[in-house]
Amino acid sequence: MTDNNHYTPDELVDYLHGEVSPGRDAAIFAHLARCAACREERDLELALVTALRDEPRFAEREMPAVIRARVWEAVRNERPSPLARLAGLLRPAFALPTAAAIVLAAYFGIPAAQSSRLAYDAAHATPGWSAAALLDEHAAEVQNPLSDRAGSFARFGGRPAQASAVPLVDTADAAMLPATDASAE
């Protein structure tokens, strides 16, 4: 309001366009009912808005069909940039299902892969081989004069290797061997 209790033209324009709060709208409406000067100002603003709306130069015009067709053709033929394609992949409509699939694959796939690997290892493991058994086999080959490895593994530092007292058959393995009957031969 101005000094003499009248509303400014800007306040009346806001009132005409519905850009004031409901309380302020009610106050201006009550003031306009009893103030002829403000009503006259409001009527002038309303006449100006109406004249501008009705003026053919300011009316909305439709774009010519040829221009519309060219614009749509350009839009359809435009290739998105790599950055725009990446942004398209990161949209929630695509990224959320992809992330859910990755999480589910990891949750169910890793234990399944581990159990299948363990099953593969168990199925393809060489039964009964241990480090002790491999050492016993090596010692037996070194001590055997007919072995191909006797000459190559029997040397250490240029000297012939000493014959070791390692038995050719481990005592634990010997207990598992079937007993042979000397009278059967």
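Everything numeric here is computed off the predicted structure, so don't read it as measured data.

Here we look at the nonpolar core
Then, in step 1: Ranked by size, the top nonpolar core spans seven residues in total: Tyr7, Leu12, Tyr15, Ile28, Leu32, Cys35 and Cys38.
Then, in step 2: For this core, the secondary structure elements donating two or more residues are helix H1 (9-16) and helix H2 (22-34).
Then, in step 3: When near neighbours in sequence (up to four residues on either side) are disregarded, isoleucine 28 contacts Tyr7, Glu11, Leu12 and Tyr15.

Quick notes on the packing of aromatic side chains
Then, in step 1: Under the counting rule described, the total for this entry stands at one aromatic pair.
Then, in step 2: Centroid distance tyrosine 107 to phenylalanine 108: 4.9 Å. Interplanar angle 80°. Geometry classified as edge-to-face. Accessibility assignment for this pair places tyrosine 107 and phenylalanine 108 in one class, exposed.

Observations concerning the packing of H1 against H2
Then, in step 1: As a packed pair, H1 and H2 sit with axes 11 Å apart at the nearest point and diverge in direction by 110°. One finds that H1 runs roughly perpendicular with respect to H2. Note that H1 runs across H2; the crossing there is left-handed. Where H1 approaches H2, its residues Glu11, Leu12 and Tyr15 are matched on the opposing element by Arg24, Asp25, Ile28, Phe29 and Leu32.
Then, in step 2: For the contact of H1 with H2, a count of residues per class yields five nonpolar, no polar and three charged.

Analysis parameters
- Residues numbered from 1 in each chain as written.
- Predicted model: local features only at pLDDT ≥ 70, side-chain atom pairs only at ≥ 80, totals over all residues.
- Heavy atoms only, no water.
- Core = buried A, V, L, I, M, F, W, Y, C linked by side-chain atoms within 4.5 Å.
- Buried < 20%, exposed > 50% of the residue type's maximum accessible area, 1.4 Å probe, protein only.
- Helix = DSSP H or I, 4+ residues; strand = E, 2+ residues; numbered from the N terminus.
- Contact = heavy atoms within 4.5 Å.
- Phe/Tyr/Trp six-rings, centres within 6.5 Å; stacked < 30°, edge-to-face > 60°.
- Axes fitted to C-alpha atoms, helices over the stretch in contact; angles between N-to-C directions.
- Parallel < 35°, antiparallel > 145°, perpendicular 65-115°, else oblique.
- Left-handed = near helix turned anticlockwise from the far one by under 90°.
- Nonpolar A, V, L, I, M, F, W, Y, C, P; charged D, E, K, R; others polar.

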